[in-house]
Every structure is written in C-alpha cells, then in structure tokens.
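Architecture and fold: a report
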Amino acid sequence: MDPTTILARLTPHAIDPLVRKLFVTDGPVAEPVDRPVRISRLVSFTGEKPALTEPELHRLAAALVEQAAGGEDEDENGNQDVTRALARTLRALADIEMDDLDAVRLLPAEFAHRLCGTVPGVTRGLTHDGARLHGLLLDAAALHILHFFTRRSAYVARTLAEQTRTLAELIHGQATAGPLIPSPSPAPSPAASEDGTAQDADAAFEARYAHATATLHNHLTIYGIDLAHSPDSWPLDAAYLGLQCEPGPPEPDGGRPDGGDAAPQDTTGQDDPPLPAEQALSGRSRVLVRGVAGSGKTTLLQWLTVATARDELPDALAALRGRVPFLLPVRRFAREGLPSPGTFLSAVGHEDAAEAPAGWAERVLGSGRALLLIDGIDEAPESDREQVRRKLGEWTDRYPGNVWVVTSRPSAVPGHWLAGEGFSEVSLAPMSREDVAAFIQRWHRAAAQQSPADLGRLGHYERTLLNAVRITRDLGRLATNPLMCGLLCALHRDRRGYLPNGRKELYDAALSMLLERRDRERAMAATDGVELTRQPKIQLLQKLAHWMLVNGRSEMDRATAIDTLARHLPAIPDAARQGGPEDVFRHLLNRTGLLREPTPGTVDFVHRTFQDYLSARAVVQRHDFGLLLDHAHHDDWEDVIRMAVALARPDECAALLDGLLAPHSGVRAAEARHRKLLAAACLEHATELDPAVRARVRRFTRDMVRPGTPSAARALGWIGPIVLEMLPDPTQVPDSEAYLLAITATSIADDRAIDYLTALRGRAHHDVRAQLAGAWRRYDTARYAREIIAHLEPAELYFPVSDLEELHALRRLGGRPQLRISGPFTPDQLVEGIAPADGLTRLWLAYDLGVSVEWLSAFPKLDTLRIGRRIPPVTGVPDGIRVVQM
C-alpha cells in the first residue's frame, strides 16, 4: 500500500460531495448562526427520519474506500472490513461531545484521533494495511469535515479566520499533492518570529512538564504491603487495578407518580452494566465521577495524568492524546478556592512552577489542549461548593475544547449538579467479586517479588484470604474498594492469617500495624531521636484530625500542626520528654505512615478514611457529642458519626442516636429527615444498644423506608443492610410498591438481601422480575441463581450475564430465551456457553464486544438483536435477525 498514491486519489472533487452527505442541508446549515452548534445536531443520519440511512452511510464509506483503492479489488474482503470500520467511525459524529467551534480549533489529525477514540477497538479486526488505510481515509475526511464547519457558520469562520484560510488552502490550493500536505510557508515576519520563539519555549517546557508530572504521580500507596522489606508506594503502572464505572444518577422521575405506572418493559431493572473506566470516559469531554471513600477516585485521576503525560493512553481514550494534564486536588484550595490558570503549578507545589513561560497555562487552556482533573469536590467546605460550581461554569465557557474530569463523594453534591455546565455523570462501581480476587492475587504477587522472609507462606495466605472473603459476609462487605482490599491483605498477612471482624476492629488493627509494628518489623532504630509507642502516636494524630474536623479542612499548614501539637504535648508526658513539638511532628510525618506532606509547608492524612476515624476517636474521648449533633446534617460528617457510634459506650451511643431523632435548631425538614435516616444507618455499627433505643429509631424511620418513587427507593441504599430489617413485608403490598421495595433491597450489595428478595421472586409483574434479574451481579452467583433466577418467570424478560460464572449458571438452569450480554465475552465463549442453542430467541448487547456478529448464526431461532445505547452499530448480522438500536 503506497500512501502517496492513495492520497493523490483522495482529491477534494471526489471527497467533498461525500462528506457533505454526512450533514443536514437545511436548518442551521442554510443560515449562518451566531453561536457554536453541537456536531450531533448537524449530522444527517440521526432522528426519527434520517436523511442518510444506515445502509446509505455504509455505501458512503464504501465509496471512500473504493476511491482510495482506485477501482482495484486485490483485497476485496479487506476493503469490506475497512468499509465497516470507517462507517462505524463516521457514525461516531453523532456521539462525540463537541460543537463545531471546538472541532475547528483542532488540527485535522487530532479531530480524527478524537473521532476514532469515540469508537474503542474499531480497527481491532483490521490487518496492518487495513488499519493504515482506515487512518488515511479518516484523516482526509476530517480535513473536509472541518472545512465544512467553517463554511456553514459565519460565526466559526469569523472566530477562526486564519484556520479557515489554512483549511481552504490545504483542500483547494494543494489538491494535487494530497489533502494532508500543507502549502509552503512564506518568510516569517519579525512578529511571527517572536511568536515562533514563544511556541518553542512552550514546547520545551511542556516536554519537561510531562516528564516531571509522570514522575510525580506515578506511585500508588498499597497499605502494609510487606512491612519488613518494601516501600509504602509502588509504581502506578505496575500496581494499578483497572476500575469500572456505572452510569450516574438517573434523570429525575417523571411521569411515574409514586412509582405506580408501569415502566417500559424492556428497560426496567436493566441498568447499564459497569464498564472499564477508560470506556466509560471515552467520548466525554465533561464528566463528574462519583465514588465512596477509598473507591479509587484519586487513583483514577493519577492514572489519567501519568498515561496522558507519557502518551500511553489506551485506544478508548485516544481523544486525550497530546493533551496537557493538570491534576488539581481541591483539598489544596479549600480556603482560597480554585486557582487561576496562571497559578495552577504553584498552587499544587509543582517543582518547575517558576520555570513555566509567562502565560503558558492560559495558552494551553485557550487552545483547548488541556485535560483538567479536579479531584475531590467534597473536600471543599459545603458552603463553598456552589462557588466551585460557578467557577467551573465560568472556566468551561471561557475555555472551550478542553476535557474536564471532576470527582466527588456521592452525597457531597446532588444528582446532576454540573448538568447545567454540560457535565455527564458516572460512578465508580464497587469492586466485583472478580475484581477483589484479582486485587488479592496481584497484591500477593507484588509482595512475593520482594523476597520476604515469609515467601513460602504467601501462597497459603492468598488462598485462605480468597476463601475468607468469598464465604465470610462481613469481610465480603468490607472488600468493596481498593483501600479496604489493601488493608485486608496487609492485616491478613501481618496477623498470620487472622482477620478482625467489623470496620472498627479493622481500623484499630490497621493503626496497630502502621503505628506500632511498622518500624519494629523494619528493624529501624529511632534515627530522629524520638521513639513513641502506639498510644501516644494515636493521641497526637487524633489532635490533628480533630482540628481538621472542627475547621472543615482536610489539610493544614505545617505551622498550625506544630502549634496544635505544642498545646497538647504537656498532657502526653511520654511524648513531651522525647522532644519539642517540631521533633514530634517530624516523627509523626516520617514514621507513622499516616501523614504526608503534599506540598512544602502543608500536611494531610494519606486517606480521608483515616482522618475520619481518628476524628471520631477524638470526639468520643472528649465526650463532645454535641459537636456531632450540630453537624449531623452535613454530608461530610456522616462517616465520622457512624464511626463514633461504633466507638462510643452504650449510654453515649443511645444519647447520640436519640439526639439524631430529636428536633434540632436551624435544621430544615429535609435535613431533619436525613438525620433520622442517619440514625437508622448507625444501628449496624452499635455493638451494644438498649433495645428501647433501637426500637425508637425504627419507629421514627419506619415510614421513611417506604419510598414513593424509584429515585427515593435507590437513595435508601446508603443506610446499609439494616434497612432490610425495616422494610415492610413484601408479600402484603401491591405490585407498584413491591417494585419499589425490590429497588431498595437490590441496592444493598449484601447477600442478606437475597433472603428478602425470595419473597418477591414469585411476582408475575414484569417490573419486579426485571429488577430482580438485573441485580444478579451484586450477589453470590450460585446462590442467587438457585434462590432467585431459577424462580423468575422468563416471559418477556432479558436475563443478564456479565461473566462466565453467570453464563454457566444459566446453562445449568436449562438456558433462557432472552439474554442480555452485560460483560466482556468472546464469541467462542458465548457460542459454547449459551445452551440450548435453539432456545435463544432474543439477544441484547449492552456491552461492546468489539467484534462483528457473524457468530450469531449459531443460534437458529434468534430473531431479534438489541444494541445498547452506548454500543456502536454492529456489522455482520446474519439474515433474518432484526436489529433494534436503542
């Protein structure tokens, strides 16, 4: 394949008429507009009556391939594969989150990269030459698409006049040289020379910045991994476990008063399946990622930063290639608010901040080349979050074309909080059983690589922990995120196979491991002149955590930390005689494993979970329960209050729960309801509690756990498994309420929910059956299949399968006529696993398998193929199968 020959064939005369067919010829195209227009509104192949049908789009792609081939058909099958791939890529114009002005700010090759990144794996099945041909055709089409945008809009042409002229010269002035060869440049003027010098300085700094940024963030703390031999952090690229994302909160309930109307039969209970984070983020230019503490939000942003800086992004995120990443932790700006672009680097303490060319960050944002990663909206004080939202709105308006990823704890901001600024939402999914197993195995492999003294026992530890997490309910509930999995692995090994039960015991054991045994196992002497036992360390760390809690901060100045220690040292003589407050502070920072210095002059805890736990210990020791009650309606105090209930004595626990139920001055009705539900959520943490208090909490919250809408039913999941004891008897309610109870019960990822759901499995109502079927992946596969799936009436119900274990479980049940593919499979796995083959009549692809679907011919009675809304159009559909694109 000769690229020069192919480029010579792709003349404007041949390509331009074809490209114009991709876009509507009326509406905004007929008249100039005064603002940018979303690309998805311009394409001609969407809507109820598309001007360009799917077969016509395929023929258009075939015409482009034929033009490049020059009528030669030496590789007819290969050209057909390229045609299918090109058609899928061009169809992504309807999905790319960009307007016409954003697009023309890009070079044609960059726009082609972003378009291709919207269709992950589109070239996976092509030969080397086929993939090159696809790239050449896409680059050529991108050039003409951008030129089309500049022609259709006076606004775009006026805004980017110079680029408009350049595109026109590329297409019309140099047609015979091929569409991607620029014309010779005239001699530069003095002003242009100065601009070139500035560009050279920017480019040189960006290269240094990329290297420094990748080095700075290429580490991942894995708590307790081989205390005797290894460092506390590991290379991110070696230790990173791919995270999965679920769809964000659904749109507000509409047209379904109190859940009484039947939901559409083909979607109820069938949530979009979790996707690898890179696929979930693909094609999104503005996204809010929600995740609970320890779920990996910061780790995800670190990985994006490092992979972008090193140009090692996967194909699904090809649209981010060439961007400049800025990782901005909100905790650093809790007092001053988000920094301006000119102070991005100095605000995060970047070592090269002083060397950045003047105005560099502003130019990066202004050219639409930045990747803005804003970590931890919940770290901003609740009263300041609205200001943060306004700032983000100003930035996205002022700097179009950039990519924004923002993270937050789930309850810190309401659903669709940034929807007005154009942000979509996803949530980090709890680790599946397969993820937990993979993490445990990787953790032990990493430990074994250090040649530790217990190398011979590591295999045994791995096997017993895998078994314990699988069969022990409390451990299974704890192992839902990377932080907790790492702690479980470390403690299990540290204690020779013994694990504490419950969250409180787990944190106590972790503190003992990190504070008391860490230096001893490393055989380290007190090189700083300070040697503290576990209890004084905990007391001093509690003082710092308590200061952060009271002041609404997750970071403090070094001077404030030393000041705080100085006030409390006289009351802790074991620490006071070791040295002054600066000596003790340095010891806590360097030797406990719980504090870190994110920037010179500041200190924070390595994870917010440890800060919350130590804060709760401090409050309980001070008997300062009034402080908790004054702030119980603030979302960032929820974990502190739950932990305080676990730590408090029975009488203190009772008083705290009664205080949550009682009226509180200045608290609104919605906040009062939240406080009562928090009391219910705390019940499972109370180790000893007066039965009268427990009954009182249930009485106050009984009516609150009878939701009236699906969104309210989902929201009850945060209370935890205790809500299962508070829900009404599902056998005594009508179908409409049974559906809502099913939503609440299936939102509890604890196998105790199965006991409640068995009372719903015999319902004939489609919504209830679909909700139960759709929750399968959250529970023990074999038990759920035996106790729930086997009893669901299969009529008009799609049964989801997300892994081989579920596929084989359905096979043992005799198969089902309608299946929903909700996870990664190969065609061979599906052909072998779906049995009997002639029993399958309908298939729903909710997960992009990235391959053609000729394999469906193995199922002789299959008549309908449904394609999920984020799945690109499929190819190779056998005759007789109807395709429904959702």
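Residues numbered from 1 in each chain as written. Predicted model: local features only at pLDDT ≥ 70, side-chain atom pairs only at ≥ 80, totals over all residues. Heavy atoms only, no water.

By the naming in an unreviewed UniProt entry, the protein is NACHT domain-containing protein, taken from Streptomyces inhibens.

Side note on the overall build of the protein
Secondary structure assignment for the protein yields 40 helices and 17 strands. Evaluated residue by residue, the protein yields a buried proportion of 54% over its 886 residues. Within the protein, contacts between residues at least 6 apart in sequence are counted, and of these 70% link residues at least 24 apart. Just so you have it, the protein exposes about 37,000 Å², and 50% of that area is on carbon and sulfur atoms. (Helix = DSSP H or I, 4+ residues; strand = E, 2+ residues; numbered from the N terminus. Buried < 20%, exposed > 50% of the residue type's maximum accessible area, 1.4 Å probe, protein only. Contact = heavy atoms within 4.5 Å. Areas by Shrake-Rupley, 256 points an atom, 1.4 Å probe, with all protein chains shown as cover.)

Quick look at the sheet that holds strand β16 (residues 864-867)
Strand order in the open sheet formed by 5 strands is β13-β14-β15-β16-β17, with parallel pairing between adjacent strands. In this open sheet, the two edge strands, each paired with only one partner strand, are β13 (799-801) and β17 (882-885). Along the sheet, successive strands turn relative to each other by an average axial angle of 20°, direction set aside. Of the strand pairs in this sheet, β13 and strand β14 (residues 818-821) are connected by 3 bridges, and their pairing is parallel. Following the sheet pairing, Phe799 is matched in β14 by Leu819. The strands that helix α39 (residues 804-812) touches are β13 and β14; relative to β13, the one it contacts most, it runs at about 140°. (Pairing = 2+ DSSP bridges. Axes fitted to C-alpha atoms, helices over the stretch in contact; angles between N-to-C directions.)

A word on the environment of Val287
Positionally, Val287 belongs in strand β5 (residues 286-290). As for Val287 and Leu418, which are separated by 131 residues in sequence, their C-alpha atoms are 8.6 Å apart. The residues touching Val287, leaving out its near neighbours within four places in the chain, are Leu281, Trp404, Val405, Val406, Phe423, Ser424 and Val426.

Observations concerning the packing of helix α23 (residues 534-550) against helix α27 (residues 608-621)
Helix packing for two helices is described by the angle between their axes and how far apart those axes are. For the pair α23 and α27, interaxial distance at closest approach is 8 Å and the crossing angle is 95°. One element, α23, and the other, α27, form an angle in the roughly perpendicular class. In contact with Gln535, Ile538, Gln539, Leu541, Gln542, Ala545, His546, Met548 and Leu549 of α23, α27 contributes Gln611, Leu614, Ser615, Arg617, Ala618, Val619 and Gln621. Here the residues of the contact of α23 with α27 sort into 8 nonpolar, 7 polar and 1 charged. (Parallel < 35°, antiparallel > 145°, perpendicular 65-115°, else oblique. Nonpolar A, V, L, I, M, F, W, Y, C, P; charged D, E, K, R; others polar.)

A look at the packing of aromatic side chains
Considering all chains together, one arrives at 14 aromatic pairs under this definition. Each ring, one from Tyr798 and one from Trp844, has its centre 5.3 Å from the other, and the planes form 85°; the classification is edge-to-face. Within this pair, whereas Tyr798 is found in the loop between α38 (781-787) and β13, its partner Trp844 is found in strand β15 (residues 842-845), the two being separated by 46 residues in sequence. For the ring pair Trp855 and Phe859, a centre distance of 6.5 Å and an interplane angle of 85° mean the geometry is edge-to-face. Residue classification places Phe859 among the buried residues on the basis of a relative accessible area of 2%. (Phe/Tyr/Trp six-rings, centres within 6.5 Å; stacked < 30°, edge-to-face > 60°.)

Here's the deal with the sheet that holds strand β7 (residues 370-375)
Ordered in space as β4-β3-β9-β5-β8-β7-β6, the 7 strands form an open sheet in which the pairing is mixed. One side of each edge strand has no neighbouring strand; the edge strands of this open sheet are β4 (275-276) and β6 (324-329). Bridge analysis of β5 against strand β8 (residues 403-408) gives 5 bridges, and the strand direction is parallel. If you follow Arg290 over to β8, its bridge partner there is Ser408. Sheet contacts for helix α14 (residues 297-309): β5, β6, β7, β8 and β9 (424-428); angle to β7, the most-contacted strand, approximately 160°. Here helix α17 (residues 385-398) sits on the sheet and contacts β5, β7 and β8; the angle it forms with β8, its principal contact strand, is near 165°.

Comments concerning the pairing of β16
Covered by surrounding structure in β16 are Thr864 and Arg866 together with Leu865 and Ile867, the residues of both alternating faces. Judged from the 4 bridges that link them, β15 and β16 form a sheet pairing that is parallel. Along β16, the bridge assignment pairs Leu843 with Leu865. One ladder, built from 4 bridges, connects β16 with β17; its direction is parallel. Along β17, the bridge assignment pairs Thr864 with Arg882.

Quick notes on the pattern of salt bridges
Summed over the entire model, instances satisfying the criterion amount to 35 salt bridges. Between Asp16 and Arg20 there is a salt bridge, with its nearest N and O atoms 3.2 Å apart. You can see Asp16 and its partner Arg20 sitting in helix α2 (residues 12-20), 4 residues apart, about one turn around the helix. As a salt-bridge pair, Arg369 and Glu206 come within 2.8 Å of each other at their nearest N and O atoms. Of this pair, Arg369 sits in the loop between α16 (360-366) and β7 while Glu206 is found in helix α11 (residues 190-217), placing the two residues 163 residues apart along the sequence. Here Arg369 falls in the partly exposed class, since its relative accessible area comes to 26%. (Salt bridge = Lys/Arg side-chain N within 4 Å of Asp/Glu carboxyl O.)

Observations concerning the confidence of the model for the protein
Here the protein shows a mean pLDDT of 82. Residues at 70 or above account for 84%. In the predicted structure, residues 223-232 sits below a pLDDT of 50 and forms 39 contacts with residues beyond four places in sequence or in another chain. Residue range residues 518-527 is modelled with pLDDT below 50. Its contacts to residues more than four positions away, or to other chains, number 21 contacts. (pLDDT = per-residue confidence, 0-100.)

Remarks on unusual backbone geometry
Cis peptide bonds are those with omega within 30 degrees of zero, and the linkage from Ala835 to Pro836 qualifies with -5°. Topologically, Pro836 is positioned in the loop between α40 (827-833) and β15. You will see that His416, though not glycine, has its phi angle at about 60°, which is positive. Here His416 lies in the loop between β8 and β9.

Comments concerning the nonpolar core
Leu657 and Tyr784 are the most contacted members of the largest nonpolar core, which has 175 residues in total. Other than its neighbours up to four places away in sequence, Tyr784 contacts Ile754, Leu757, Leu772, Ala775, Trp776, Tyr779 and Ile789. Membership of the second largest hydrophobic core comes to 51 residues, among which are Leu57, Leu115, Leu133 and Leu146. (Core = buried A, V, L, I, M, F, W, Y, C linked by side-chain atoms within 4.5 Å.)

Focus: the environment of Gly422
Along the polypeptide, Gly422 turns up in the loop between β8 and β9. Under the relative-accessibility criterion, Gly422 is labelled partly exposed at 41%. Distance from Gly422 to Thr396, taken between C-alpha atoms, is 8.7 Å for residues 26 residues apart in sequence.

Observations concerning the pairing of β14
Here β14 shows two buried faces, one formed by Gln818 and Arg820 and the other by Leu819 and Ile821. Each parallel crossover has a hand, and for β13 linked through α39 to β14 it is right-handed. Judged from the 4 bridges that link them, β14 and β15 form a sheet pairing that is parallel. Bridging from a neighbouring strand, Gln818 pairs with Arg842 of β15. (Right-handed = clockwise from strand over helix to strand, strands pointing away.)

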